[in-house]
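What the coordinates show
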Amino acid sequence: MKLRPAPSTAGDLLSLTGDMIVNRRQFMRYGFNATSGVLASTLGALGFAAILLPPSGGGGGDTSVLYWAKGREDEAWYGAKHLQPMSKSDFEAEAAKSKVGMSGAQGVWNGLPVIVNYVPHSVNSIKPMADNSPRFQEMPGYDIGGNYVAHATEYLLGNPEIFDPSGNLIMIFSRCTHLCCIPGWQLVSNSFTDDNWTPGGGDDGGSKMFCICHSSRFDPTAIEVNRNANRSTGASFEYLGIRRAGGPAPVGLPIIPIIMNGDTIEASSDYTGWLTYCD
Ligand code: FES
């Protein structure tokens, strides 16, 4: 399976890996573009409005993934770590306080909104599904029309560098595939964000990424191959992502590959073409 090229324009190339060509201006813009009106109203409701970073905010072409708790310093577990690098041990410590052993945090990577989740896959994957113990699930993926795209296991056999479930961490691009708001992780409290989990990537159970604009839900444990398109050009592309569990979002959200540097969570820019759908 080959990735289709992201739409490209003239300019300095930031990434030339595989089939993708993304220039720097475009890369920095994916997180915060012409939908900022919707974006601002969403984030304002969450006390998260200041996510519109200055040009140098949140890194500039580097691999660092930083906590983002602007406006929520007193309530988010990572509030005191705003703009500090994410570490796996932080997620493990927070997960120990969870009923299901999961944790998550909003982040910023190269100016882009992301969510990193810890899922105790390595210990839970050998347990019966009926235990409702969270683990990553590699699933068949379908496009918006219900057409089969590919199975995540098949995809990962050819592209193992994208996601390693044994690492217990997943990083997701946090722009809703509906109208490009920023879904959150437990920023609001409802049945979709409760601290529980059910298998199957369905809409029951909690621990969902939740988009407050129109209530779309995404299951960060359900890994599937999706197909999406660039809004401007209509060019479609396939990507490894997490499942849309419910709401008006047509498809799931793309994974950003994690690179561990000791305990520090970093990320690869090899698949930034997958982040172009709001462009
Ligand atoms: S923008 Fe996320 S549900 Fe509409």
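Residues numbered from 1 in each chain as written. Predicted model: local features only at pLDDT ≥ 70, side-chain atom pairs only at ≥ 80, totals over all residues.

Here's the deal with the overall build of the chain
- Assigned secondary structure in the chain consists of five helices and 16 strands.
- Per-residue burial for the chain yields a buried fraction of 46% across its 279 residues.
- Long-range contacts, defined here as pairs at least 24 residues apart, represent 61% of the contacts in the chain between residues at least 6 apart. (Helix = DSSP H or I, 4+ residues; strand = E, 2+ residues; numbered from the N terminus. Buried ≥ 20, exposed ≤ 12 C-beta atoms within 10 Å, placed from the backbone. Contact = placed C-beta atoms within 7 Å.)

A closer look at the pairing of strand 13 (residues 236–246)
- When you tally the buried positions in strand 13, you get eight out of 11 residues, the bulk of the element.
- Bridge count for strand 12 (residues 216–229) against strand 13 is 10 bridges, and the pairing is antiparallel. Bridged to Ala229 within strand 13 is Ser236.
- Linking strand 12 back to strand 13 in an antiparallel pair, the connection comprises six residues, with Gly234 at a positive phi of about 80°.
- Where strand 13 meets strand 14 (residues 253–254), two bridges bridge the pair, whose relative direction is antiparallel. What sits directly across from Ile242, in strand 14, is Leu253. (Pairing = 2+ DSSP bridges.)

Here we look at the environment of Phe237
- Residue placement: Phe237 occurs in strand 13.
- As a C-alpha pair, Phe237 and Thr276 span 39 residues in sequence and 9.6 Å in three-dimensional space.

Here we look at the sheet that holds strand 3 (residues 66–67)
- Across the sheet, which stays open at both edges, the four strands sit in the order 3-4-5-9 with antiparallel pairing between neighbours. Two strands bound the open sheet, and with one partner strand each, they are strand 3 and strand 9 (169–173).
- In the sheet, strand 4 (residues 103–109) pairs with strand 5 (residues 112–118) via seven bridges, with the strands oriented antiparallel. What sits directly across from Trp109, in strand 5, is Leu112.

Things to note about the nonpolar core
- In this structure, Val114, Val116, Met171 and Ile172 are the most contacted members of the largest nonpolar core, which totals 64 residues.
- Sequence-distant contacts of Ile172, that is, excluding residues within four places in its chain, are made with Val114, Ile115, Met209, Pro220, Ile242, Leu253, Ile255 and Ile256. (Core = buried A, V, L, I, M, F, W, Y, C linked by C-beta atoms within 7 Å.)

Things to note about unusual backbone geometry
- Backbone geometry at Cys180 places phi at a positive 75°, although glycine is not the residue there.
- Mapped onto the elements, Cys180 comes out in the loop between strand 9 and strand 10 (184–185).
- Although it is not a glycine, Ser207 sits at a positive phi angle of roughly 55°.

What about the pairing of strand 4?
- Among the seven residues in strand 4, seven count as buried, and that is most of the element.
- Burial along strand 4 is two-sided: Ser103, Ala105, Gly107 and Trp109 facing one way and Gly104, Gln106 and Val108 facing the other are all buried.
- Pairing analysis gives two bridges linking strand 3 to strand 4, with the strands arranged antiparallel. Opposite Leu66, over in strand 4, you have Val108 as the bridge partner.

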